[in-house]
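A structural walkthrough
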Amino acid sequence: MRKSLQLQRSDLLWAGAALLLVLLQFWWLPGSSGSTSDSTSNSLNGTLGLWQVCQQLFPNVRRERLTLIPEASAAVVINGPARLPTEREQQQLARFVRNGGSLLFAPDTAVARRSPDADDEVTPRISLAELQIQLVQTQSEWGGPGDPEPFSPPVASWQFSSTPTNAQFISTSESSAAWWPLGNGRIVVCLTPQIFSNRSLLDLQQAEAAVRLIEATRDGVAGAADTPVPLIFSEYLTSSEAWRGTGILFSPSLRLAFLQLTLALTFVLWRGFYRFGPVTNHEQAGRRSLTDSARAMGSLQFRSLGRGSSVGTYRNYLLSVLRKQFGRGSALQADETLARRTGIPLQKLRRCLQISEQVSVNRNCSPSAAARLIRDLAEIRAALGTGHNTVNESEGDTEQGHPPD
């Protein structure tokens, strides 16, 4: 009866991993649903709409996830970062702006909880001294009975705690923004990243305000009137919490190839556990010949340096054969019973067993003497097997009523 094919748990795990990789090739979310800094997200809070609008309006628009700032002067947009820049990163940004670059910074309200300077007992703040950015977080009051939404919860938002004396404010319908020069470049700060989201771009006025902020950032680049200015969406601070070494593998440009490579690697590992195709015949080596046995015995005597260890080993083997045939109580003694079973004279049998016992205990004899003792013990072994067969035949004849010969 043919047994039904049953999958093991390891087979199900490998098949599930392969199926998951296949599905991920067709469906993959590049970030969380609430991420406003990802320019590839088409959700309501994503910024894919702003990315497509900027590609139509400006000549050189690109993303940057591996470095914080570009090497040449450009307009950099840091929208909704996952964390605030460190002291060293602030110095890099300030040096980039002073050398003629322009920076647009739009922090999210959640960045205050991830900031190392934030404290639960005080008002959350953002203090970037190198960039002259000072923000404080406020919350709107609860609505009263006359408000359109009387029971709406308070909403946290950023406000300028202090600005440079030469700062200029940009009023928008969604929030307020300001810009000020820093060296040869410009700093543009927008109090909320929601103005750049896909939801806000559905409104024409908010879409116009978002484009005005992008243009104000590009106009702050040194020499922007003479040469085209690159517009870079920097997502370095957004993806900084991910692994830097493997983050590039999950980028939209390499994600499909990485998943296909992982699927191929999964198949190779799976193939290592099981062999595909028909079963092959594996030839097993037969018993050793007499020449191999003699060569092995000579090698054993050579390693034992003629101390008779091979004689003791063969004597123990002869004792195990004797006990297998005649019971565990049998002993390797030169008595009349063993002489009758083997057909060897008692005097010769006694001499062989005594000398072999002495050699196995003292382990001191020449290779030629050890070879003669092993040959005599082998004769006893052969005679013991022949005598055992004769005894069995005699017992069989007695059971049938015939006297033994």
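Data block above holds the structure.
Residues numbered from 1 in each chain as written. Predicted model: local features only at pLDDT ≥ 70, side-chain atom pairs only at ≥ 80, totals over all residues. Heavy atoms only, no water.

The next point concerns a nonpolar patch on the surface. A cluster of nonpolar side chains, Leu265, Phe267, Val268 and Leu269, forms an exposed patch at the surface whose accessible area comes to about 390 Å². Its place among the elements puts Val268 in helix H7 (residues 255-273). Taking the relative accessible area as the measure of exposure, Val268 reaches 54% and is therefore exposed. (Patch = residues over 30% accessible without salt bridge, like charges linked within 9 Å, V, L, I, M, F, W, Y side chains within 5 Å. Areas by Shrake-Rupley, 256 points an atom, 1.4 Å probe, with all protein chains shown as cover. Salt bridge = Lys/Arg side-chain N within 4 Å of Asp/Glu carboxyl O. Helix = DSSP H or I, 4+ residues; strand = E, 2+ residues; numbered from the N terminus. Buried < 20%, exposed > 50% of the residue type's maximum accessible area, 1.4 Å probe, protein only.)

Let's shift gears to helix H2 (residues 48-57). Taken as a whole, H2 has its buried residues at Leu48, Leu50, Trp51 and Cys54. Here the buried residues of H2 occupy an arc of 160° about the axis, which is enough to place them on one side. Structural note: H2 exposes Gln56 and Leu57 on the side pointing more than 90 degrees away from its buried face. At its buried positions, H2 is contacted by strand E1 (61-64), helix H5 (204-219) and strand E10 (231-234). (Arc of directions from axis to C-beta. Contact = heavy atoms within 4.5 Å.)

The contact between helix H9 (residues 309-326) and helix H11 (residues 346-362) brings their axes to 8 Å, and the two run at 125°. As summarised for this structure, H9 and H11 are arranged oblique, according to the angle between their axes. Classified by chirality, the crossing of H11 by H9 is left-handed. Contact residues: H9 offers Val311, Gly312 and Arg315, while H11 offers Leu353, Ser356, Glu357, Val359 and Ser360. Residue composition of the contact of H9 with H11, by class: three nonpolar, three polar and two charged. (Axes fitted to C-alpha atoms, helices over the stretch in contact; angles between N-to-C directions. Parallel < 35°, antiparallel > 145°, perpendicular 65-115°, else oblique. Left-handed = near helix turned anticlockwise from the far one by under 90°. Nonpolar A, V, L, I, M, F, W, Y, C, P; charged D, E, K, R; others polar.)

Looking now at the sheet that holds strand E5 (residues 133-139). Strands sit in the order E4-E5-E6 across an open sheet of three strands; the sheet is antiparallel. If you trace the sheet from one side to the other, it starts and ends with strand E4 (125-128) and strand E6 (156-162), each paired once. On average, each strand axis in the sheet is tilted by 20° relative to the strand beside it, whichever way the strands run. Summarising the sheet, E4 and E5 pair through four bridges and their orientation is antiparallel. Counted as the bridge partner of Ile126 is Leu135 from E5. (Pairing = 2+ DSSP bridges.)

In terms of nonpolar packing, the biggest core is built from 28 residues, with Cys54, Phe196, Ile214, Leu231 and Phe233 touching the most fellow members. Among the elements that make up this core, the one with the highest residue count is H5 (six residues). Core analysis: the second largest hydrophobic core is formed by 27 residues, Ile78, Val111, Ala178 and Val189 among them. (Core = buried A, V, L, I, M, F, W, Y, C linked by side-chain atoms within 4.5 Å.)

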